[in-house]
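Chain and residue survey
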Amino acid sequence: MKSLFSQGPLLSARLILFVIISIVMMTMDHRYQHLENLRSDLSLVLEPLRQVIDLPFVLADGISETFATRTRLLSENKELRTQNLLLKGQLQKFSALESENMRLRALLDSSFKVGDKVLIAELVRVDLDPFTRQFVINKGSNDNIYIGQPLLDADGIIGQVIHVSRYSSTAMLITDPSHALPIQMNSTGQRAIAVGTGRPNELELLHMPSNTRLREGELLVSSGLGGRFPAGYPVARVSSVRNVPGQAYLHVIAEPVAKLQRSREVLLVWPADNPLDRAAAQTATEATGNETTQPTGEATR
């Protein structure tokens, strides 16, 4: 115990000596930069150790930034796709509007309304029955969807809603054999009825007189008659015109402009003059309850 305490003065002297040496070295380094080379050499030696110590933090930051960037890109991509679909849906009418302007119709606004209310829905199931053309979307009565509501994609009319439940709805494509759609020729305004044939990309025009001026590639747009589909939306292009000998009517086949077999999202449209908009106090199913008793083909005429 005596020898242990006898080291006290010696330790104090060492501490004072080291403090003096440290002060002298810091003064020399500050004034004359004598230790700059030593500091540089020590930094070079310790750099690998510093990188090894920082590596977990660098990896964690990189992984976090990667996931954050991917999430942000996915969100931006979804938002841009939504905006693109909405803009394309609004731009569909421009071709029909241009033709109407060329024909100097005085009541353009009565046929073409660019302010229709729309809602985007996604396809959740497609009916594979070869005799029907139907699919299910993820919007229902909670979103004010109603029976007979028209559906579009970015290129044209797809079909209409035929059944509504709370969280989903069933829609019929315009190519379904029981579907009929009032249309008119975009160039002349002549009206006709386009019915589904059951084939994936084919419509037939009924009762077209044999003297009708009709050519392949003619754009057909919705006429708005019947109040089911808004006027001026693209429907199909004529793909075949055949004059059958002895028949009073042409055999006309048209191809829908909408991507019926490839669309993943659709636009649900509320026409500006829709009676449901004027009866907001009633639910969509109540407002259309009387329509459910009518055959689908008749309701579209």
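Owing to the predicted nature of the structure, the values given are computational and were not obtained by experimental measurement. (Residues numbered from 1 in each chain as written. Predicted model: local features only at pLDDT ≥ 70, side-chain atom pairs only at ≥ 80, totals over all residues. Heavy atoms only, no water.)

**Concerning the overall build of the chain**
Heads up, the rule is: Secondary structure is summarised from DSSP: a helix means a run of H or I of at least four residues, a strand means a run of E of at least two, and numbering begins at the N terminus for each. Classification of residues uses two cut-offs on accessible area relative to the type maximum, computed with a 1.4 Å probe and protein chains only: under 20% is buried, over 50% is exposed, and between them is partly exposed. Any two residues having at least one pair of non-hydrogen atoms within 4.5 Å are treated as being in contact. Note on areas: Shrake-Rupley, 1.4 Å probe, and residue coverage restricted to the protein chains presented here.
The helix and strand tally for the chain stands at 8 helices and 12 strands. Here the chain, with 301 residues, has 35% of them falling under the buried criterion. Long-range contacts, defined here as pairs at least 24 residues apart, represent 59% of the contacts in the chain between residues at least 6 apart. Accessible area for the chain stands at about 18900 Å²; split by element, carbon and sulfur atoms hold 58% of it.

**A short note on the pairing of strand 7 (residues 191-196)**
Condition: A pair of strands is considered paired only if DSSP assigns at least 2 bridges between the two.
Two elements, strand 6 (residues 180-185) and strand 7, share 5 bridges in a ladder whose sense is antiparallel. Pairing of leucine 181 across the sheet is with alanine 194, part of strand 7. Counting the residues between successive antiparallel strands, the hairpin from strand 6 to strand 7 contains 5 residues, one of them, glycine 189, with a positive phi of roughly 85°. Turn length for the strand 7-strand 8 (residues 203-209) hairpin, with the two strands adjacent in sequence and antiparallel, is 6 residues, and the turn residue glycine 198 shows positive phi of about 90°.

**Examining the pairing of strand 2 (residues 134-137)**
Of the two faces of strand 2, the one holding Gln134 and Val136 and the one holding Phe135 and Ile137 are both buried throughout. When strand 1 (residues 117-126) meets strand 2, the two strands line up antiparallel, connected through 3 bridges. Of the residues in strand 2, the one forming a bridge with leucine 123 is isoleucine 137. Where strand 2 and strand 5 (residues 169-173) come together, 4 bridges link them in antiparallel fashion. Of the residues in strand 5, the one forming a bridge with isoleucine 137 is serine 169.

**As for the sheet that holds strand 10 (residues 234-243)**
Which entries qualify depends on this criterion: Throughout, an axis means a line fitted to C-alpha atoms (over the contacting stretch in the case of helices), and angles, computed between N-to-C directions, take values from 0 to 180 degrees.
Pairing is antiparallel around the closed barrel formed by 6 strands, whose spatial order is 6-7-8-11-10-9. When the angles between neighbouring strand axes are averaged without regard to direction, this sheet yields 40°. In terms of strand pairing, strand 10 meets strand 11 (residues 249-256) through 7 bridges, oriented antiparallel. The residue bridging arginine 237 from the neighbouring strand is glutamate 255, located in strand 11.

**Examining the pattern of salt bridges**
Convention followed: The term salt bridge refers to a side-chain nitrogen of Lys or Arg lying within 4 Å of a carboxyl oxygen of Asp or Glu.
One pass over the structure, following the stated rule, counts 4 salt bridges. Of the charged contacts, one joins lysine 259 and aspartate 155 as a salt bridge, the two residues approaching to 2.5 Å between their closest N and O atoms. Separated by 104 residues along the polypeptide, lysine 259 in the loop between strand 11 and strand 12 (265-270) and aspartate 155 in the loop between strand 3 (150-152) and strand 4 (157-164) bring together distant segments of the chain. With a shortest N-O distance of 2.6 Å, arginine 199 and glutamate 202 are connected by a salt bridge.

**A word on the sheet that holds strand 12**
Within the closed barrel, the 6 strands sit side by side as 1-2-5-4-3-12. Their pairing is antiparallel. Taking the axes of each pair of neighbouring strands and ignoring which way they run, one obtains an average angle of 45° across the sheet.

**Points about the side chain of arginine 133**
What counts is decided by this rule: Neither His nor the chain ends contribute to the count of charged residues, in which Lys and Arg are positive and Asp and Glu negative.
Structurally, arginine 133 can be placed in the loop between strand 1 and strand 2. No salt bridge is formed by the buried arginine 133; its nearest oppositely charged neighbour, aspartate 176, is found at 6.7 Å. Non-local contacts of arginine 133, meaning those with residues more than four positions away in its chain, are made with Ala171, Met172, Leu173, Thr175, Asp176, Gly198, Arg199, Pro200 and Gln261.

**Side note on the environment of tyrosine 146**
On the secondary structure map, tyrosine 146 appears in the loop between strand 2 and strand 3. Take tyrosine 146: its relative accessible area is 5%, and that puts it in the buried class. Tyrosine 146 sits 124 residues away from tryptophan 270 along the chain, and the two C-alpha atoms are 9.5 Å apart.

**Re the layout of surface pockets**
Applied cut-off: In the cavity and pocket records, a cavity denotes points on a 1 Å grid over the protein atoms alone where a 1.4 Å probe fits but cannot get out, a pocket denotes an open set with protein on both sides within 12 Å along at least 5 of 7 lines, and lining residues are residues with an atom within 4 Å of a point. Grid points are joined across faces, edges and corners, and a volume is the space filled by probe spheres set on the points. Following the grouping adopted for this structure description, the nonpolar residues are Ala, Val, Leu, Ile, Met, Phe, Trp, Tyr, Cys and Pro, the charged ones are Asp, Glu, Lys and Arg, and the polar ones are all others, Gly among them.
When its volume is computed, the largest pocket comes out at roughly 390 Å³. Forming the walls of the largest pocket are 18 residues, and the residues nearest its centre are Arg81, Thr82, Leu85, Arg264 and Glu265. Every element with two or more residues in the lining of the largest pocket is listed here: helix 3 (36-91) and strand 1. Counting residues per element, the lining of the largest pocket draws most heavily on helix 3, which supplies 8 residues. Residues belonging to the lining of the largest pocket are distributed by class as follows: 4 nonpolar, 4 polar and 10 charged.

**Remarks on a nonpolar patch on the surface**
Threshold: To count toward a patch, a residue needs a relative accessible area above 30% and no salt bridge. Like charges then connect within 9 Å, nonpolar side chains (Val, Leu, Ile, Met, Phe, Trp, Tyr) within 5 Å.
On the surface, a cluster of nonpolar side chains totalling about 400 Å² of accessible area is made up of Leu15, Val19, Ile23 and Met26. On the secondary structure map, leucine 15 appears in helix 2 (residues 8-32).

**Regarding the side chain of lysine 139**
Secondary-structure assignment places lysine 139 in the loop between strand 2 and strand 3. At 4.5 Å, aspartate 143 is the nearest oppositely charged side chain to lysine 139, a buried residue that forms no salt bridge. Beyond its immediate sequence surroundings of up to four residues, lysine 139 is in contact with Leu119, Ile120, Ala121, Ile145, Tyr167, Ser168, Ser169 and Leu268.

**As for the confidence of the model for the chain**
As a reminder of what qualifies: Per-residue confidence from the predictor is reported as pLDDT, which spans 0 to 100.
With 75% of its residues at a pLDDT of at least 70, the chain reaches an overall mean of 78. Summarising per-element confidence for the chain, the mean pLDDT is lowest in helix 5 (residues 108-111) (34) and highest in strand 5 (95). This stretch, residues 275-301, has a pLDDT under 50; its non-local contacts, to residues over four places away or in other chains, come to 37 contacts.

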